[in-house]
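Letter by letter, the chains look like this.
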Number of protein chains: 2
Amino acid sequence: MAKLQKSIDKRNALVKATIELVNNNGFHATPMSKIAKMANVSPATIYLYFENKQDLVNQTYIDVKAEYTKYAFNDFDTTLSVEAGFEHIWKRIADFKLKESEHAMFLAQCDNTPMIDEPSRQEGIKHLQPLLELWERGKKEGIIKPLSNYLLYAYSINPLSFLMINQKRGAFQLDETHLEEAFQSAWSSIKVCK
Amino acid sequence: MAKLQKSIDKRNALVKATIELVNNNGFHATPMSKIAKMANVSPATIYLYFENKQDLVNQTYIDVKAEYTKYAFNDFDTTLSVEAGFEHIWKRIADFKLKESEHAMFLAQCDNTPMIDEPSRQEGIKHLQPLLELWERGKKEGIIKPLSNYLLYAYSINPLSFLMINQKRGAFQLDETHLEEAFQSAWSSIKVCK
DNA sequence: AAAAAAAGAATGAACGTTCACTTTTTTATA
DNA sequence: TATAAAAAAGTGAACGTTCATTCTTTTTTT
């Protein structure tokens, strides 16, 4: 099969270069020529792997989003209590945002921009299921507030993006202590009080 | 003075067009020619009001950020209790994000992108003081958790951006009920429990 | 009549993409 | 196993277009 014979390394290098350049310069200031140069490839080669620039950025988004959710749910154990399960997932996500901050930055930029087309955005959302199921269980058990999953995500997960960005900008240092505080705030905002 | 004689209406039209086009197409896909067309102005005229494209987008950011904080703190009463004061500010901010969602969208895009230069970003942060002071008072009174202001903002204010964006995308409807729930989550996450 | 503001046309640079070609890899044949 | 043919992958230069910005001229204001 033709597709599979093309070096996967080259595709990865292109995706990596895209992330790095878009993070540092923004989509508007990352030409294909620079992406090619950073990936040590001819501009023309990009078009062997991707239809066009939009496709490159869409696929990069989907790749990174998949990596994110895989990381978050990798060793998830569905037999855990809702609270323990949430803490586990939350800390995995926090871990990802801090350790893979380049990738997390890229996602934050994509998620707040009309840079990614709608089908790719939908594709990216798909893999969040385990967390949503945990929340549904928590609601049934009366442990999690009976709120829309959007609200739960907004308050318990999304703040990590804000913190990560400000950490990257050097405005704020998110160390171990802060991280525990952040978790407590996240949990406070979605757990049923008392 | 030359600057002041130039029609302020024209400047406003340019800023407005910039917001609208950047919101809908992203910075990478809003050329000066389109901005000019939407503002009913020649491309050359933009350069009477702004140095260049970067300056236009920087100034637009600062304008909108100032409008945001002005709206948030407009009728703020420093004699209110910490809880009442926070509720007031929070609801003003929520109001802004929902009613002026075009402007809020623009800020969200700028804040997650290397689109705005650092000095303009700093300029934009300046006006948040009243909220920070309220939080300091709350911490002293033992009502607000003794956390970094970044954490407090991340958990109590920033979630509104996420909700607003998803509302704009039609994924979620943020009505009066949801808004009250959102406020309770915000307050839960930063208040001292018990 | 002078000065300021605005316009439209023009400009060079930079962009995404394609083209014509070369190199590398795979397959077929002996 | 060696070799030739075919296919695939990769390339640098070039294309047409679009972009931000400027230049020259016209219009408006004072």
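Residues numbered from 1 in each chain as written. Chains lettered and ligands numbered in written order. Predicted model: local features only at pLDDT ≥ 70, side-chain atom pairs only at ≥ 80, totals over all residues. Heavy atoms only, no water.

If charged atoms from side chains of opposite charge come close, those side chains can pair. On inspection of all chains with the given rule, the structure shows 22 salt bridges over all chains. For Lys91 of chain A, the salt bridge is made with Glu87 of chain A, and the minimal N-O distance between the two is 2.8 Å. With Lys91 of chain A and Glu87 of chain A both in helix H6 (residues 82–99) and four residues apart, this pair spans about one turn of that helix. As a salt-bridge pair, Lys65 of chain B and Asp111 of chain B come within 3.3 Å of each other at their nearest N and O atoms. Residue Lys65 of chain B is located in helix H5 (residues 53–73), and its partner Asp111 of chain B is located in helix H7 (residues 101–111); the two are separated by 46 residues in the primary sequence. A residue is classified by how much of its surface remains accessible, and Lys65 of chain B, at 11% relative accessible area, is buried. Residue classification places Asp111 of chain B among the partly exposed residues on the basis of a relative accessible area of 23%. (Salt bridge = Lys/Arg side-chain N within 4 Å of Asp/Glu carboxyl O. Helix = DSSP H or I, 4+ residues; strand = E, 2+ residues; numbered from the N terminus. Buried < 20%, exposed > 50% of the residue type's maximum accessible area, 1.4 Å probe, protein only.)

Close contacts around DNA strand D come from 17 residues, with Ala44, Thr45 and Tyr49 of chain A together with Met32 and Lys53 of chain B the closest. For DNA strand D, the backbone makes up 65% of the atoms found within 4 Å of the protein, where backbone means sugar plus phosphate. The separation between a base nitrogen of DNA strand D and a polar side-chain atom of Ser42 of chain A is 3.0 Å. Here Lys53 of chain B contributes a side-chain N or O atom positioned 2.7 Å from a phosphate oxygen of DNA strand D. For the surface near DNA strand D, the elements supplying multiple residues, two or more each, are helix H1 (2–5) and helix H4 (43–49) of chain A together with helix H4 (43–49) of chain B. In terms of residue count, H4 of chain A provides more of the surface near DNA strand D than any other element does, four residues in total. Class assignment of the residues belonging to the surface near DNA strand D gives a composition of nine nonpolar, five polar and three charged. (Near = heavy atom within 4 Å. Polar contact = N/O pair within 3.5 Å; in protein donor to acceptor, adjacent residues only side chain to side chain. Nonpolar A, V, L, I, M, F, W, Y, C, P; charged D, E, K, R; others polar.)

This part takes up the UniProt feature "domain: HTH tetR-type" (unreviewed entry) in chain A. Per the UniProt record, "domain: HTH tetR-type" (unreviewed entry) is found at residues 8–68 of chain A. As annotated, residues 8–68 of chain A has a helix share of 79% and a strand share of 0%, and its two end C-alpha atoms lie 20 Å apart. (UniProt positions renumbered as here; feature names shortened; annotations may be inferred.)

Despite not being glycine, Asn40 of chain A shows a phi value in the positive range, around 55°. As for its placement among the helices and strands, Asn40 of chain A is situated in the loop between helix H3 (32–38) and H4.

Once that is clear, we can look at the interface of chain B and chain A. Interfaces are often sized by the accessible area lost when the parts come together. Tallying the contact residues gives 43 residues for chain B and 42 residues for chain A. Between chain B and chain A lies a buried interface of about 3,600 Å² when both sides are counted; carbon and sulfur atoms form 64% of it. The tally of links between chain B and chain A comes to zero salt bridges. Within the residue set of the side of chain B that touches chain A, elements represented by two or more residues are helix H2 (8–25), H7, helix H10 (149–156), helix H11 (159–168) and helix H12 (176–190) of chain B. Among the elements that take part in the side of chain B that touches chain A, H12 of chain B stands out by supplying eight residues, more than any other. Split into classes, the residues belonging to the side of chain B that touches chain A amount to 21 nonpolar, 17 polar and five charged. (Contact = heavy atoms within 4.5 Å. Buried area = accessible area lost by both parts, 1.4 Å probe.)

With that settled, the discussion passes to the packing of aromatic side chains. The geometry of two aromatic rings is summed up by the distance between their centres and the angle between their planes. Applying the stated criterion across every chain, the model contains 14 aromatic pairs over all chains. Ring geometry for Trp90 of chain A and Phe183 of chain A: centres 5.3 Å apart, planes at 65°, overall edge-to-face. You can see Trp90 of chain A sitting in helix H6 and its partner Phe183 of chain A sitting in helix H12 (residues 176–190), a full 93 residues away along the chain. The exposure class assigned to Trp90 of chain A is buried, which follows from its relative accessible area of 0%. Take Phe183 of chain A: its relative accessible area is 2%, and that puts it in the buried class. One aromatic cluster in this structure is built from Phe86, Trp90, Phe183 and Trp187 of chain A. Here Lys91 of chain B stacks its cationic end above the ring of Phe183 of chain B, 5.2 Å away from the centre of that ring. One Lys or Arg, Arg92 of chain B, reaches over the ring of Tyr71 of chain B and ends 4.2 Å from the middle of that ring. (Phe/Tyr/Trp six-rings, centres within 6.5 Å; stacked < 30°, edge-to-face > 60°. Lys NZ or Arg CZ within 6 Å of the ring centre and 35° of its normal.)

All names here are of chain A. Partitioning chain A into domains gives domain 1 (8–50) and domain 2 (54–190). Relative to domain 2, the C-alpha centre of domain 1 lies at a distance of 26 Å. Taken residue by residue, the interface counts 13 residues in domain 1 and 13 residues in domain 2. Summing the contributions of domain 1 and of domain 2, the shared interface buries around 1,200 Å²; its carbon and sulfur component is 65%. Area buried by domain 1 at its contact with domain 2 is led by Ile19, Asn23 and Phe50, which between them contribute 43% of it. The partner of Arg11 in a salt bridge is Asp63, and the shortest N-O contact between them spans 2.5 Å. Those elements that provide at least two residues to the side of domain 1 that touches domain 2 are helix H2 (8–25), H3 and H4. For the side of domain 1 that touches domain 2, the leading source of residues is H2, giving six residues. (Domains from an automatic or database assignment.)

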